[in-house]
Amino acid sequence: MSYSTSEATSEATPAATSINTFPLAGRPVHRVGYGAMQLAGPGVFGPPKDRDAAIAILREAVASGANHIDTSDFYGPHITNQLIREALHPYADDLVIVTKVGAVRGEDGSWLPAQEPEDIKRAVYDNLRNLGLDVLDIVNLRSMGNIHTPAEGSIEKQVVALAELQREGLVRHIGLSNVTSAQITEAQSIAQIVCVQNHYNLVQREDDALVDELAGKGIAYVPFFPLGGFTPIQSSALSKIAQTLGATPMQVALAWLLHRAPNLLLIPGTSSLEHLRENMQVGQLRLPEAVCVELNAIGAVSAQQ
Ligand SMILES: NC(=O)c1ccc[n+]([C@@H]2O[C@H](COP(=O)([O-])OP(=O)(O)OC[C@H]3O[C@@H](n4cnc5c(N)ncnc54)[C@H](OP(=O)(O)O)[C@@H]3O)[C@@H](O)[C@H]2O)c1
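Residues numbered from 1 in each chain as written. Predicted model: local features only at pLDDT ≥ 70, side-chain atom pairs only at ≥ 80, totals over all residues. Heavy atoms only, no water.

J.: Quick rundown of the site of the ligand? Include the residues and the values.
T.: In the vicinity of the ligand lie 27 residues, with D70, R142, L227, T270 and H275 positioned nearest. For the ligand, an oxygen atom lies 3.0 Å from a polar atom in the side chain of Q38. Separating an oxygen atom of the ligand from a side-chain N or O atom of R142 is a distance of 2.7 Å. Per element, the largest residue contribution to the shell around the ligand is three residues, and it comes from helix 10 (residues 273-280). Residue composition of the shell around the ligand, grouped by class: 11 nonpolar, 12 polar and four charged. (Near = heavy atom within 4 Å. Polar contact = N/O pair within 3.5 Å; in protein donor to acceptor, adjacent residues only side chain to side chain. Helix = DSSP H or I, 4+ residues; strand = E, 2+ residues; numbered from the N terminus. Nonpolar A, V, L, I, M, F, W, Y, C, P; charged D, E, K, R; others polar.)

What follows is the structure in structure tokens.
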């Protein structure tokens, strides 16, 4: 990579990119983690094409500094968690594995809501078994109001179910996914919420206010689809900026997220070792303020379309 790093320049470096950890569930995690969803088969359903390659990616992610891994037992289903167990168990003390509950997979691979208290309990037991753990570090309640955008509505019974599992010692910390600010407030009246995982990236900016709100409260915001998910971000302006920085467009999109707010933790997903290596280096990518202004403009244009 030929781009400049914060060490290599005397110009002011944006604060967020020079801070490479953030406390998650009371433990400092590197802000560049790994999202394991892409390791299952096509459509996040069934086994990977190359199991050994999937294991190698997980091991390299951890070896290169990722100590925050995002997963769910509904990836595969079960398969992604089983891969994590095979690759990384016994887990390093500093590794934070975040899983999520609230859905199951249909026989055709469809994503079905599973939000009743007994569903939540079953999902926690599935995650414990397939990850080979006695207690889960963090469990996100994945709200299923809309598939990729939050929809208002009470999540009380689901959070109460998770809080009970927490009291039983099966869950250390609780997070939320695909939720609104009002749902976070409702959940906080029941249990401490340590992270929020919503759809957000350079061109998907509906959560801008929520990112700032959670940054003010010191709560981690973990964008899902940080690179655009199943249809990775494409922007000629982004490609041009990346070229001037000697980086790839995806690296710049991730670096922009790191720069966006200090509570923002990355979990880019990849099934490619080459992409993993690119992604793990983005903490070193320095974005001058003028570049950030240009990148912000890409999001603003997209938001108006
Ligand atoms: N809470 C939720 O509802 C929810 C929803 C979706 C995802 N998630 C979590 O969020 C994580 C991240 O989301 P995601 O994996 O769906 O999407 P993503 O990180 O936005 O993008 C993944 C896509 O980008 C490609 N990619 C990754 N690195 C790249 C690079 N350096 N250059 C070019 N292409 C690259 C991947 O293809 P290759 O495999 O070819 O690299 C894949 O197609 C998931 O793994 C999962 O843990 C949570």
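J.: Can you tell me about the sheet that holds strand 3 (residues 34-35), naming the residues and giving the values?
T.: Pairing in this open sheet of seven strands is parallel, and the strands run 3-4-5-8-9-10-11 from one edge to the other. Of all the strands in the sheet, the pair left with one neighbour each is strand 3 and strand 11 (220-221). Where strand 4 (residues 68-70) lies against strand 5 (residues 96-101), three bridges are found, and the strand directions are parallel. Residue pairing in the sheet places H68 in a bridge with V96 of strand 5. (Pairing = 2+ DSSP bridges.)

J.: Summarise the packing of helix 2 (residues 51-63) against helix 3 (residues 79-88); cite the residues concerned and give the values.
T.: It is the contact of helix 2 with helix 3, at a shortest axis distance of 9 Å, that shows an interaxial angle of 65°. In terms of crossing hand, the pair formed by helix 2 and helix 3 is right-handed. Only L83, I84, E86, A87 and L88 of helix 3 make contact with helix 2, whose side of the interface consists of R51, A54, I55, L58, R59 and V62. (Axes fitted to C-alpha atoms, helices over the stretch in contact; angles between N-to-C directions. Left-handed = near helix turned anticlockwise from the far one by under 90°. Contact = heavy atoms within 4.5 Å.)

J.: Provide a residue-level description of the nonpolar core, including the pertinent values.
T.: Membership of the largest hydrophobic core comes to 77 residues, with the highest contact counts inside it found for V252, L287 and L295. Tallying contributions element by element places helix 9 (residues 249-260) first for this core, with seven residues. When residues no more than four places from it in sequence are discounted, the contact partners of V252 are L238, I241, A242, L245, A247, L285, L287 and L295. Counting 13 residues, the second-largest nonpolar core is a separate cluster that includes V98, I138, L265 and I267. (Core = buried A, V, L, I, M, F, W, Y, C linked by side-chain atoms within 4.5 Å. Buried < 20%, exposed > 50% of the residue type's maximum accessible area, 1.4 Å probe, protein only.)

J.: Report on the pairing of strand 2 (residues 27-30), specifying residues and quantitative values.
T.: Pairing of strand 1 (residues 21-24) with strand 2 involves four bridges; the strand directions are antiparallel. Each bridged residue has a counterpart across the sheet, and for P23 the counterpart in strand 2 is P28. The loop that links strand 1 with its antiparallel partner strand 2 comprises two residues; one of these, A25, has a positive phi angle of about 55°.

J.: Residues and numbers for the confidence of the model for the protein, please.
T.: The share of residues in the protein with pLDDT of 70 or more is 92%, and the mean pLDDT across the chain is 92. Between residues 1-18, whose pLDDT stays under 50, and residues either more than four places distant or in other chains, the model counts 39 contacts. (pLDDT = per-residue confidence, 0-100.)

J.: Could you give an account of helix 7 (residues 208-217), with specific residues and numbers?
T.: L210, V211 and L214 are the residues of helix 7 that are buried. Projected down its long axis, helix 7 carries its buried residues within an arc of 105°, all on one side. Pointing more than 90 degrees away from the buried face of helix 7 are the exposed residues A209 and G216. Where helix 7 is buried, its residues contact helix 6 (181-188), strand 10 (193-197), strand 11 and helix 9. (Arc of directions from axis to C-beta.)

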